[in-house]
Amino acid sequence: MLRKLYALLLAVLWCGAAFSAQTEHHLFVDGQKRTNTRKAMFATVNEALRYAEGLGADSVWTTIHIAPGVYWIDNPDDPAVRKPLPGENTPFGMKVRLSRTRLVGTGSSPEDVVLACNRGQTQGAEGNFTMLHITGDDIQAENLTFGNYCNVDLDYRRDPRQSRRRRADAIVQAQLIICQGDRYEARRCRFISRLNLCPFAGARRALFSDCYFECTDDALCGTGTYRHCRFTFFSSKPFYTTSPQGALFEDCDIHSKTQGVQYLTKVSGPVTMRNCRWTSDDPNLTIAWTKKPDPKKRCLMENCTLNGRPLDVPTPPDVPMPVTTPLLPLTNQPELRPGRWTLDAFKPADTKDYDWNADTVRPAWCYGEGLDGAEGCYGMIQNVRGARMMYTGLTDEHYADQTLTVELAPCKSAGQGFGSATGQYLDLCIKFDTRSLTGYGLRFRRTPDYDHAVEVLLVEYQNGSVAPICAPEKCVLFRRGCRVALSVKGSELTALIENGDQHQQLTAPVVRPNSFGGLMLQHTGSVGASATVVQNINCTYDGPAQ
């Protein structure tokens, strides 16, 4: 009898412990209440995630129930600029290690529960600010909105007092969730941002059901399966590329705001679309897989429509594609020699606040075809950040008036010219002394103020220090077909920028005339799809040599 009572007592104690463990793994978040860990109640999502992280990995799932409200993962009112941790490149609102965790909104719709941040590259952050980084397997989200409102207004209709205007109009890289793990799933969720959306990016497998996405380029999860989802594409390449297994769309509705051609991937990758319905603001829109399809990356479309009409985009061809001209590296020529060109990499002093170094080992320049907006354009292309080319004038001549004409084809097709507003610019300089870095020039630079334009201004170099000599102006001409004529005539510096039938002119006085005859092109932007093709360079000396 005592043995039976003892066994029964052990069973009761075991069940009680199991029940405690089970209830401990149900957490509750309500912004209207105070945090009370004894009751598993939290005022913020951050506290609940950190508490869940502390529970450790076991066989029991942790469910975080989130009441309606806007929950800022990163404080939008903090004026500090978010920076990456030492040794990292991306700043995060929060990093956690979690497995077997569910986040569930308890509102009547995904709009009721919003997990938010509002920072992006150069807009409150240095680097591509990302709301969450999750390391772990088996993560689920349901009935929630994940939003980076850096470039999108937060319209919280349930309580307009919690609405918030976007941080800036110019679209920059502003991301949501980067993962390191497997089996991520979202049901009835909304993912809102623009550039580099990143919904569970990095997950080995991700399933999205009945979700909604708003994004521009390089945005969607390349390992994703999308079922019964809705999309709004604000630009032409929502994937950078996809995983070797490919992305799958089933029974989805996609609205494109792109004009002309809507691609799926920037770099060829497999995509399958079944029973999907496309609509477009452009009645003449064309749908294509990618600009340069790789025949090894199979794509498939079945039973899809565009504006109600049957849509059939053929898979990339079985035959090999024509081989494009490879990029031909040009040997660095770092020496300064009169009457010769110098090719090297250099980090200017005004980029010291940005974490990159000039690579002096690899060739700084190559010859070949540009990418994206510069496709089909051939010329000199930057191969490393800080690529520089200079022409040194003859030492036994004194130069008077000078005109430099350059034809440029930036790879960025939208007119923003460079990868981000992190000290990225192109300087074209004349009347230049390559030894002391002294002369005059025109600068194209990306700023946080524009995402479809650059800023241009005239500058003076004095022993490597650069100062503006005119007010900066917005320029929409820095794209394929850009032609620049930069000249010094007497005491006036003039830059004429042309593209087709459009033109823009800047002038400034030359307050320190010189007899230099050198040239310089200095590019501090990132390379690849952010490079600029230098198609033609021509220099004339219009006045008599002294």
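Heads up: the structure comes first, above all this text.
(A) Examining the overall build of the protein chain more closely. Each helix and strand in the protein chain was counted, giving two helices and 44 strands. Counting every position in the protein chain, which comprises 546 residues, the buried fraction comes to 52%. The contacts of the protein chain with a sequence gap of at least 6 include a subset with a gap of at least 24, amounting to 64%. Accessible area of the protein chain: about 24,900 Å², with a carbon and sulfur share of 51%. Both charge centroids of the protein chain, one from 60 positive and one from 58 negative side chains, sit 6 Å from each other.

(B) Local environment of the sheet that holds strand β2 (residues 41–42). One open sheet accounts for eleven strands, arranged β2-β1-β3-β6-β11-β14-β16-β18-β20-β23-β26; its pairing is parallel. Two strands lie at the open edges of the sheet, namely β2 and β26 (300–302), each paired on one side alone.

(C) View of the sheet that holds strand β27 (residues 304–306). As summarised here, the arrangement of the ten strands in space is β4-β7-β12-β15-β17-β19-β21-β24-β27-β28, forming an open sheet in which the pairing is mixed. Looking at the sheet topology across the chains shown, the edges are occupied by β4 (69–72) and β28 (309–311). Neighbouring strand axes in the sheet, compared pairwise and without regard to direction, differ in orientation by 20° on average.

(D) Geometry of the packing of aromatic side chains. With the rule as written, the count across this model stands at 23 aromatic pairs. Between Phe200 and Phe208 the ring centres are 5.9 Å apart and the planes differ by 20°, which places this aromatic pair in the stacked class. Residue classification places Phe208 among the buried positions, given a relative accessible area of 0%. Ring centres of Phe208 and Phe213 lie 5.4 Å apart, and the angle between their planes is 80°; this geometry places the pair in the edge-to-face category. Judged on exposure class, the residue Phe208 and its partner Phe213 are both buried. The ring of Phe346 has Arg388 sitting right over it, with the charged end atom 4.2 Å from the ring centre. The ring of Tyr425 carries Arg443 above its face, with NZ or CZ at 3.6 Å from the centroid.

(E) Inspection of unusual backbone geometry at higher detail. Although it is not a glycine, Ala40 adopts a positive phi angle of roughly 55°. Among the structural elements, Ala40 can be located in the loop between β1 (26–29) and β2.

(F) Structural detail: the nonpolar core. Counting residues in each nonpolar core, the largest one holds 70 residues, and the members touching the most others are Phe208, Tyr226 and Phe249. When residues of this core are assigned to their parent elements, the largest contribution, four residues, is made by helix α2 (residues 45–54). Aside from chain neighbours lying at most four places away, what touches Tyr226 is Phe208, Phe213, Leu220, Cys221, Phe231, Phe239, Leu248, Phe249, Glu250 and Cys252. In terms of nonpolar packing, the next biggest core, distinct from the first, is built from 47 residues, Trp365, Val406, Phe478 and Cys482 among them.

(G) Local environment of the pairing of strand β18 (residues 224–227). Only one face of β18 is covered, namely the face carrying Gly224 and Tyr226; the face carrying Thr225 and Arg227 is uncovered. Here four bridges tie strand β16 (residues 206–209) to β18, and the two strands are oriented parallel to one another. Across the sheet, residue Ala206 finds its bridge partner in β18, namely Gly224. Relative to strand β20 (residues 247–250), β18 runs parallel, the two sharing three bridges.

(H) Layout of the layout of surface pockets. Quantified by volume, the second largest pocket comes out at close to 230 Å³. Around the second largest pocket, the lining comprises 14 residues; the ones closest to its centre are Tyr149, Asp153, Leu154, Asp155 and Arg190. Split by residue class, the lining of the second largest pocket holds six nonpolar, one polar and seven charged.

(I) The arrangement of the environment of Thr286 in detail. Within the secondary structure, Thr286 is located in strand β25 (residues 286–288). If we ignore the near neighbours within four places in the chain, the residues touching Thr286 are Gly260, Val261 and Gln262.

(J) Structural context of the pairing of β20. In the sheet, β20 pairs with strand β23 (residues 271–274) via four bridges, with the strands oriented parallel. Among the inter-strand pairings, Leu248 is bridged to a residue of β23, identified as Thr272.

(K) Spotlight on the side chain of Thr494. Assignment of secondary structure puts Thr494 in strand β41 (residues 492–499). Here Thr494 falls in the buried class, since its relative accessible area comes to 15%. Discounting chain neighbours no more than four positions away, the residues touching Thr494 are Ala485, Leu486, Ser487, Gln505, Leu506 and Thr507.

(L) Summary view of α2. By the burial criterion, the buried members of α2 are Val45, Asn46, Ala48, Leu49 and Ala52. Down the axis of α2, the smallest arc covering the buried residues is 165°, so these residues share one side. Looking one or two places after α2, you find Gly56, whose phi comes out positive at around 80°.

(M) Molecular detail of the state of the cysteines. Scanning the model with the defined rule gives zero disulfides in all. Distance from the sulfur of Cys150, which forms no disulfide, to the nearest cysteine sulfur (Cys117) is 8.3 Å.

(N) Representation of the side chain of Thr242. Looking at where Thr242 falls in the secondary structure, it is placed in the loop between β19 (230–233) and β20. Using a relative accessible area of 10% as the deciding quantity, one classes Thr242 as buried. Here Thr242 is in contact with Gly222, Ala247, Thr265, Gly269, Pro270 and Val271, once residues within four sequence places are set aside.

(O) A look at the pattern of salt bridges. This model, assessed by the stated rule, comprises 41 salt bridges. Residue Lys291 is joined to Glu375 by a salt bridge in which the shortest nitrogen-to-oxygen separation is 3.7 Å. Linking Lys291 in the loop between β25 and β26 with Glu375 in the loop between β31 (365–369) and β32 (378–382), this pair joins segments that are 84 residues apart in sequence. Using a relative accessible area of 33% as the deciding quantity, one classes Lys291 as partly exposed. Of the charged contacts in the structure, one is a salt bridge between Arg388 and Asp344, with a shortest N-O distance of 2.7 Å. Residue Arg388 is found in strand β33 (residues 387–391), and its partner Asp344 is found in strand β30 (residues 341–345); the two are separated by 44 residues along the sequence. Side by side, Arg388 and Asp344 carry an identical accessibility label, which is buried. The network of salt bridges with common partners includes Asp74, Asp78, Arg82 and Arg119.

(P) Region of interest: the environment of Cys179. Mapped onto the elements, Cys179 comes out in strand β13 (residues 175–180). Sequence separation between Cys179 and His133 is 46 residues, and the spatial gap between their C-alpha atoms is 5.7 Å. Those residues within four positions of Cys179 in sequence are excluded, and the remaining contacts are Ile134, Tyr184, Phe200, Ala201, Gly202 and Ala203.

Thresholds, definitions, all that
Residues numbered from 1 in each chain as written. Predicted model: local features only at pLDDT ≥ 70, side-chain atom pairs only at ≥ 80, totals over all residues. Heavy atoms only, no water. Helix = DSSP H or I, 4+ residues; strand = E, 2+ residues; numbered from the N terminus. Buried < 20%, exposed > 50% of the residue type's maximum accessible area, 1.4 Å probe, protein only. Contact = heavy atoms within 4.5 Å. Areas by Shrake-Rupley, 256 points an atom, 1.4 Å probe, with all protein chains shown as cover. Lys, Arg positive; Asp, Glu negative; His and termini not counted. Charge placed at Lys NZ, Arg CZ, Asp CG, Glu CD. Pairing = 2+ DSSP bridges. Axes fitted to C-alpha atoms, helices over the stretch in contact; angles between N-to-C directions. Phe/Tyr/Trp six-rings, centres within 6.5 Å; stacked < 30°, edge-to-face > 60°. Lys NZ or Arg CZ within 6 Å of the ring centre and 35° of its normal. Core = buried A, V, L, I, M, F, W, Y, C linked by side-chain atoms within 4.5 Å. 1 Å grid on protein atoms, 1.4 Å probe; cavity = no way out; pocket = protein on both sides within 12 Å on 5 of 7 lines; lining within 4 Å. Points joined across faces, edges and corners; volume = space filled by probe spheres on them. Nonpolar A, V, L, I, M, F, W, Y, C, P; charged D, E, K, R; others polar. Arc of directions from axis to C-beta. Disulfide = S-S within 2.5 Å. Salt bridge = Lys/Arg side-chain N within 4 Å of Asp/Glu carboxyl O.

None of the figures reported here should be taken as evidence of function without further support.
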